[in-house]
2 protein chains.
Amino acid sequence: MRAVVIDGRGTFRLAERADPAVGPGLVAVRVHAAGLNAADLQQARGDYPAPPGWPADIPGLEIAGEVEEVGAGVTDVRAGDRVMALVGGGGHAEKIAVPAELLLPIPVGLSWREAAGFPEAFSTAWDALVVQAGVRAGDRVLVTGAAGGVGTAMVQVATASGARVVASVRRTALHNRVRELAPAGGGVDVVSPGQEGERAPYDLIVELVGGEDCLRRVELLRTRGKILVVGVQGGAVAPLRMVDLMLARAQLIGTTIRGRSPAEKALLAATVRTGVVPLLADGRLRVPLDAAFPLDRYADAYARLAGPGKFGKVVMLP
Amino acid sequence: MRAVVIDGRGTFRLAERADPAVGPGLVAVRVHAAGLNAADLQQARGDYPAPPGWPADIPGLEIAGEVEEVGAGVTDVRAGDRVMALVGGGGHAEKIAVPAELLLPIPVGLSWREAAGFPEAFSTAWDALVVQAGVRAGDRVLVTGAAGGVGTAMVQVATASGARVVASVRRTALHNRVRELAPAGGGVDVVSPGQEGERAPYDLIVELVGGEDCLRRVELLRTRGKILVVGVQGGAVAPLRMVDLMLARAQLIGTTIRGRSPAEKALLAATVRTGVVPLLADGRLRVPLDAAFPLDRYADAYARLAGPGKFGKVVMLP
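Residues numbered from 1 in each chain as written. Chains lettered and ligands numbered in written order. Predicted model: local features only at pLDDT ≥ 70, side-chain atom pairs only at ≥ 80, totals over all residues.

A. The overall build of chain A, seen in detail. The secondary structure content of chain A amounts to nine helices and 16 strands. Over its C-alpha trace chain A gives a radius of gyration of 19 Å, about what one expects of a compact globule, namely 20 Å for 318 residues. Looking at chain A residue by residue over its 318 residues, the buried ones come to 52%. Contacts spanning at least 24 positions in sequence make up 69% of the contacts within chain A whose residues lie at least 6 apart. (Helix = DSSP H or I, 4+ residues; strand = E, 2+ residues; numbered from the N terminus. Rg over C-alpha atoms; globule rule 2.2 N^0.38 Å. Buried ≥ 20, exposed ≤ 12 C-beta atoms within 10 Å, placed from the backbone. Contact = placed C-beta atoms within 7 Å.)

Here it is as structure tokens:
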């Protein structure tokens, strides 16, 4: 099979690799589309190694494709099934072996490329908002960096949970597209960075950007409010005014899926399968797509991922 | 009645004041002993105003004494009852009016001065460890600043909850006294600041000191561990490495009792009455006393409070 491989600090090339072996509990998937994520670039720079058990040098954290072969003990899926999954690496290739318990069914009518953009962003959003923070109908939720892949998923999952969402988006050209993420008549209130305070207080702030000033937003929280720290590409260290945290009796919750054990990832996939995939199937959630590239245009795909002004997911089509 | 009053920035004097009025729901208490807290000094400096409904210029956040008179509608206590309470201010006086729902019964055999040192430290410890953080038997808990009033309470409440406690204490002369807070055979492991990492990882870190480096301790947490930020006198702003928080899926929880609503304070008193006072009554918790001063030696009392090397509570005896 062909795969994108990391061959040095920050550089990729296309290579021929052996097809993955289909051991017990594993499923071989013919990849039709695979999502790109910032973590792919971090991994290429050597900052973010793949977890054990996954290809160490093939990027790609989410895939959509067709089951080709199932390993011993796999009974839930069979050859020909359309599946998608959040994986630990190896997605930017023609084939991948995935533990069966991580597979999600692709709803009828969803394209490969939409399905490829679903697992990472929506698993992250559901886990953070619903599982970790316990978002509730009526909560006021601020999402920073709301135009990105995870951001658009957060806005939709929060809205679907009945929260009133304020989305902070840097590029004003994207404000309307983020506003349109809400169902007709629903209310995503879009602001520019720096204006978030005008809509305070919040029950929950989802931090997807990071940077020096991001923890100042503790002062925008309601009593017992929470900040979920999910993305910090804009700066990973920030001063915290601990007295603000104390007076608000607030919580800062860090979360990431990458470092979890296989059992925890299987548990998350199970909750996504029962809680989130049905919302995707009935059209309450959708996957905004920014651009799609064939596998041999991997360099253009990663450049698009790293560049500004995206709205939604960048995907590769092996 | 006589009371200590704040008459300028950081200074106190003794003054004659009218006895407090005993309105509906209130109870007049003849104060026999009152605890001192760092917040008294912060209040005197103007940094920490008393909450509404409490004397604005009389310090003192916890009292023990005898009920003199009850207001309309009070049925749970009567004249002569021995009571203690966490109050919003006004404790460093001969008399105080306290909402009946804040009163705790003083166990038989406990002295006035021990009772006066109980409410603030043990309500704070119980609320933080049990209510906010949900400490469980078997948890590894680090308490910084463990020799102070709140620190000794945290060590005891954590130990009584079945946790394995590591206490960080700056003055080595106090290490043995902190070690002896555990029941015979129990395990409080006492270390000096900087050595906490040798006992890592922790499920829970109780921060009672603060300072520039305190949030680096996120790296000492177990996965899904928590830091409770309860005291930050050593420095209220610290940098947080958000990636550490994310990878550990850790939580930072700020908490303080001061700013809570009267209803929340009554709720806390009710949980302390049923959960903590029985542990004090049966000797599983005790109140270490550092020093006691008559009311007219208020200046010596506050100086002792502000000075180094204390072990346990400083109290005043009006």
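Moving on from the model shown.
B. Focus on the domain arrangement of chain A. All names here are of chain A. Domain parsing of chain A yields domain 1 (2–118 + 258–317) and domain 2 (121–254). Each of domain 1 and domain 2 has a C-alpha centre, and these two points are 26 Å apart. Each partner contributes to the interface: domain 1 provides 19 residues, whereas domain 2 provides 16 residues. Sorting elements by how many residues they give to the side of domain 1 that touches domain 2 places helix H7 (residues 262–275) first, with four residues. (Domains from an automatic or database assignment.)

C. Highlighting the pairing of strand E14 (residues 251–254) of chain A. Residue and element names in this part refer to chain A. Taking every second residue as pointing to the same face, both faces of E14 are buried, with Gln-251 and Ile-253 on one and Leu-252 and Gly-254 on the other. Summarising the sheet, strand E12 (residues 221–229) and E14 pair through four bridges and their orientation is parallel. From the neighbouring strand, Leu-228 faces E14, where its bridge partner is Ile-253. (Pairing = 2+ DSSP bridges.)

D. A look at unusual backbone geometry. The peptide bond linking Ala-200 of chain A to Pro-201 of chain A adopts the cis configuration, its omega dihedral lying at 0 degrees. Its place among the elements puts Pro-201 of chain A in the loop between strand E10 (188–191) and strand E11 (202–207). With phi around 65 degrees, Arg-224 of chain A is a residue other than glycine that occupies positive phi space. As for its position among the elements, Arg-224 of chain A is in strand E12. Classification of Arg-224 of chain A by C-beta neighbours within 10 Å gives partly exposed; the count is 14. At Arg-249 of chain B, a residue that is not glycine, the phi angle is positive and equals roughly 45 degrees.

E. Spatial organisation of the relation of the copies chain B and chain A. Each copy of the sequence occupies a distinct position, and chain B is placed on chain A by a rotation of 180 degrees and an axial shift of 0.0 Å, giving an RMSD of 0.0 Å. In symmetry terms, the pair is related by a two-fold rotation axis. Closest approach to the rotation axis among the C-alpha atoms of chain B is made by Pro-239 of chain B, whose C-alpha sits 2.0 Å away. (Least-squares fit on C-alpha atoms with pLDDT ≥ 70 in both.)

F. Layout of the interface of chain B and chain A. Facing the 25 residues of chain B at the interface are 25 residues of chain A. Of all the secondary structure elements, the ones that give two or more residues to the side of chain B that touches chain A are strand E13 (237–241), helix H6 (242–247) and strand E14 (251–254) of chain B.

G. Looking closely at the environment of Gln-42 of chain B. Residue and element names in this part refer to chain B. Positionally, Gln-42 belongs in helix H1 (residues 38–44). Residue Gln-42 is classed as partly exposed on the basis of its 15 C-beta neighbours within 10 Å. Remark: the alpha-carbon pair of Gln-42 and Val-87, spanning 45 residues in sequence, is separated by 16 Å.

H. Quick peek at the sheet that holds strand E8 (residues 140–144) of chain B. On the basis of which strands lie adjacent, the open sheet formed by twelve strands has the order E10(A)-E9(A)-E8(A)-E11(A)-E12(A)-E14(A)-E14(B)-E12(B)-E11(B)-E8(B)-E9(B)-E10(B) and mixed pairing. Strands at the two margins of the open sheet, each flanked by one partner only, are E10 of chain A together with strand E10 (188–191) of chain B. In this sheet, neighbouring strand axes are inclined to one another by 15 degrees on average, regardless of whether the strands run parallel or antiparallel. Judged from the four bridges that link them, strand E9 (residues 164–168) of chain B and E10 of chain B form a sheet pairing that is parallel. Its bridge partner lying in E10 of chain B, Val-165 of chain B is registered against Val-188 of chain B. Packing of helix H4 (residues 149–160) of chain A onto the sheet brings it into contact with strand E8 (140–144), strand E9 (164–168), E10 and E11 of chain A, and relative to E8 of chain A it is tilted by some 170 degrees. (Axes fitted to C-alpha atoms, helices over the stretch in contact; angles between N-to-C directions.)

I. Quick look at the nonpolar core. Ranked by size, the top nonpolar core spans 219 residues in total, and within it Val-143, Met-154 and Val-206 of chain A together with Val-143, Met-154 and Val-206 of chain B carry the most contacts. Excluding residues that lie within four positions of it along the chain, Val-143 of chain A makes contacts with Gly-151, Met-154, Val-155, Ala-158, Val-165, Ala-167, Ser-168, Val-206 and Leu-208 of chain A. (Core = buried A, V, L, I, M, F, W, Y, C linked by C-beta atoms within 7 Å.)

J. Geometry of the packing of helix H3 (residues 119–132) of chain B against helix H4 (residues 149–160) of chain B. Residue and element names in this part refer to chain B. Two elements in contact, H3 and H4, have axes whose closest approach is 8 Å; the angle formed by their N-to-C orientations is 50 degrees. With respect to their mutual orientation, H3 and H4 come out oblique. With respect to the hand of their crossing, H3 and H4 are arranged in right-handed fashion. Along the contact surface, H3 presents Ala-121, Phe-122, Thr-124, Ala-125, Trp-126 and Leu-129, while H4 presents Gly-149, Val-150, Ala-153, Met-154, Val-157 and Ala-158. Partitioned by chemical class, the residues of the contact of H3 with H4 number ten nonpolar, two polar and no charged. (Parallel < 35°, antiparallel > 145°, perpendicular 65-115°, else oblique. Left-handed = near helix turned anticlockwise from the far one by under 90°. Nonpolar A, V, L, I, M, F, W, Y, C, P; charged D, E, K, R; others polar.)

K. Highlighting the confidence of the model for chain A. Chain-level statistics for chain A give a pLDDT mean of 94 and a share of 99% at 70 or above. Confidence estimates for the predicted assembly give a pTM of 0.92 and an ipTM of 0.90. (pLDDT = per-residue confidence, 0-100.)

L. Region of interest: helix H7 (residues 262–275) of chain B. A rise of 1.5 Å per residue sets the reference length of H7 of chain B, with its 14 residues, at 20 Å; its end C-alpha atoms lie 20 Å apart and thus fit the reference within 8%. Those residues of H7 of chain B hidden inside the fold are in contact with strand E7 (104–105), H3 and helix H8 (277–281) of chain B. (Expected span 1.5 Å × (residues − 1).)

M. Expanded view of the environment of Val-83 of chain B. All names here are of chain B. Along the chain, Val-83 turns up in strand E5 (residues 82–86). In this structure the C-alpha to C-alpha distance between Val-83 and Ala-44, which are 39 residues apart in sequence, comes to 26 Å. Setting aside its immediate chain neighbours within four residues, Val-83 contacts Val-29, Gly-65, Val-67, Val-77, Leu-103, Leu-104, Pro-105 and Ile-106.

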